[in-house]
Amino acid sequence: MRKKDLHSLRKANRRLVLGLLAEGAPLSRAEIAERTGLSASTVSTIMSDLLTEGLVHDTGDTESTGGRGRRLLGINPACGVMAIAEIQRQRTTVCFHDMGLGRLGARTLEVPIKPGAGDRLLQAICECVSAFAHCAPAPGGLAGIGLLFDDQAIASDVTVLYSTGFDEASISLRQALITRFKVPVVEESAQTCSARELVAAHLDNARSWAHIALGPRITLSLTTEEGPAPIGSRGLADLTEAVMPGQAHPERVLAALARSPLPPRLRPAPHPDWPTVPEGEAAGRATPPPSAQPPTVRAGQAGADEAGAAPAPARPSWPHFLGRLSDVITTVVSLVPLDALLVSGEVASTTGFTALLARTLALRLRGRAPCVIPLTHAVPAEPARMATALRATVLTS
C-alpha cells in the first residue's frame, strides 16, 4: 500500500473511533474494536495517540467481564470548549459547553435580529467568546461554534460586510465566524432540530423527510441523508400558489380553515382530479373537481364582473384544500422518496386533519406513502442538543 493511501486509511479509522465515542457513553478498547470492526491492535494504536493528544481520557471506571476489568475511555471534557449561540428575534443567548457536554455558563446578548444586524451580532458574539476564554480558559481552547436560529430569526438578516482591504462583500455570519476563529461552525434552524428529534421518536433509521408548514404561507423544507436540501429561498420552497392559486391573502384563508371543523363525512380522495367523494354517494354523483366548479361570487362582486374585472378566486373549502395539498405532496414524493412528512400550523391542529391526510396519501401512493407526523408542538431545540451534533463535527472534521 502506498504511503499516501496508508495515511488516508489511518485518518479514516481515527474518525471512525472518535465518531463512535462522540455518540455517548465511554467504551473499553474491546467494545470499540467490536463496534467499529477494527482489529484490537489498530484500536490500541489509535487510542494511544488520542490519549497522548488529550482528546480522550481514562474515565477511571471499569467494565466487568467476569475476569480482569476493562478500563473505559471517553471524550476528555477538558479538550475544548464549544459555544452555542441560540439566535432569537429579540436577543441571542450564548451557552458554553465542555467537550463532555457539561454546561459551563451562558450570556444573553441584547441584539435584535433585523436586516443589517449581522455586523453587530458578529461583534457581540466575538466579544462574548473572548471574554469567556479570558475568565475560564480551557486547555483545548475554543473547539467549535454552533448557530441555532429560532424560526422567527432569519439567517439572511445577519449577513456580515467583509473587507479584504481591496474589495468588500457580504458573507454569512457562519463564514465570518469561521474566518475569525478558524474552528468548525455549524448552522441549524430550531425547526430542523425539532423535526429531527420528532422523526427519530417515530421512526428508526429515517433517511429523508419533508416538513410542510401551513401558515402564514405554505412552505416545504426537505432533509435527506446529506442534510437540508438547498431548495427555494433559504431551504424553503413556497407552495402557496400551487395549493391556493390566486389568493391575495393566503394567511386569512388558512386561518379561516383552521377555525372550521372538517366535514364529518369527508373521506380520502383516490384521484388527484377528484378531491373528495362523500361517503354513501355514488361515484356518478360525486362532486366535480375544483376546475369544473363555477367560481363563487361574493356579494357586491357581480357589478365588478359585469364591468370586465376578473372575478376574485373562490376561497377553498376543506375538500378543495386537501385535494390540492395532496396533489403537491404526491408530486414531491414521486421525485424524492420520503420516510416521513411533518405538518405544522393551525390547520394541522384541526381534529382529524393529520389522519385524513395520511389516509389520502396511503391511497394514492400505496407502499410509498410517508409516515405523516403532526408538528403541532415543537420539540424544544435546546442548545445542549445541538452541542452533541457539534461535538461529533469537531472531533471528526
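Residues numbered from 1 in each chain as written. Predicted model: local features only at pLDDT ≥ 70, side-chain atom pairs only at ≥ 80, totals over all residues. Heavy atoms only, no water.

Attention now goes to helix H3 (residues 40-53). With 14 residues, H3 should cover 20 Å at 1.5 Å per step; its first-to-last C-alpha distance of 20 Å lies within 8% of that length. Directly beyond the C-terminal end of H3, a positive phi value near 85° is found at glycine 54. (Helix = DSSP H or I, 4+ residues; strand = E, 2+ residues; numbered from the N terminus. Expected span 1.5 Å × (residues − 1).)

Another aspect to go through is the environment of glycine 118. Position of glycine 118 relative to the elements: it lies in helix H4 (residues 118-135). Classification of glycine 118 as buried rests on a relative accessible area of 0%. Contact partners of glycine 118, with chain neighbours within four places excluded, come to Asp157, Val158, Thr159 and Val160. (Buried < 20%, exposed > 50% of the residue type's maximum accessible area, 1.4 Å probe, protein only. Contact = heavy atoms within 4.5 Å.)

The next thing to look at is the nonpolar core. Counting residues in each nonpolar core, the largest one holds 35 residues, and the members touching the most others are Ile212, Phe321 and Phe353. At 8 residues, helix H10 (residues 318-335) tops the list of elements feeding residues into this core. Contact partners of phenylalanine 353, with chain neighbours within four places excluded, come to Leu214, Leu262, Trp318, Phe321, Leu322, Leu325, Val347 and Ala348. (Core = buried A, V, L, I, M, F, W, Y, C linked by side-chain atoms within 4.5 Å.)

Right, let's talk about the packing of aromatic side chains for a bit. Each aromatic ring pair is described using two quantities: the centre-to-centre distance and the angle formed by the ring planes. All chains considered together, the criterion is met by 3 aromatic pairs. Their ring planes at 80° and their centres at 6.1 Å tell us that tryptophan 318 and phenylalanine 321 sit as a pair that is edge-to-face. Here tryptophan 318 and its partner phenylalanine 321 are both found in helix H10, 3 residues apart, which amounts to about one turn of the helix. One aromatic cluster is present, built from ring pairs that chain together Trp318, Phe321 and Phe353. (Phe/Tyr/Trp six-rings, centres within 6.5 Å; stacked < 30°, edge-to-face > 60°.)

Let us now look at the packing of H10 against helix H11 (residues 353-365). Viewed as axis vectors pointing N to C, H10 and H11 meet at an angle of 50°, and their least axial separation amounts to 10 Å. Considered as vectors, H10 and H11 are oriented oblique to each other. As for the relative orientation of H10 and H11, their crossing is right-handed in sense. Together, Trp318, Phe321, Leu322, Gly323, Leu325, Ser326, Asp327, Ile329, Thr330 and Val333 of H10 and Phe353, Leu356, Leu357, Thr360, Leu361, Arg364 and Leu365 of H11 make up the contact between the two elements. Per-class residue counts for the contact of H10 with H11 are 11 nonpolar, 4 polar and 2 charged. (Axes fitted to C-alpha atoms, helices over the stretch in contact; angles between N-to-C directions. Parallel < 35°, antiparallel > 145°, perpendicular 65-115°, else oblique. Left-handed = near helix turned anticlockwise from the far one by under 90°. Nonpolar A, V, L, I, M, F, W, Y, C, P; charged D, E, K, R; others polar.)

A few words on the pattern of salt bridges. Between side chains of opposite charge, a pair can form as their charged atoms come close. Taken as a whole, this structure holds 5 salt bridges when the rule is applied. Close ionic contact of arginine 14 with glutamate 53 constitutes a salt bridge, the shortest N to O distance being 2.6 Å. With arginine 14 in helix H1 (residues 3-22) and glutamate 53 in helix H3, this residue pair connects regions lying 39 residues apart in the sequence. The class of arginine 14 is partly exposed, set by a relative accessible area of 25%. Between aspartate 238 and arginine 217 there is a salt bridge; the shortest N-O distance is 2.7 Å. Residue aspartate 238 is located in strand S13 (residues 237-238), and its partner arginine 217 is located in the loop between strand S10 (209-214) and strand S11 (218-224); the two are separated by 21 residues in the primary sequence. (Salt bridge = Lys/Arg side-chain N within 4 Å of Asp/Glu carboxyl O.)

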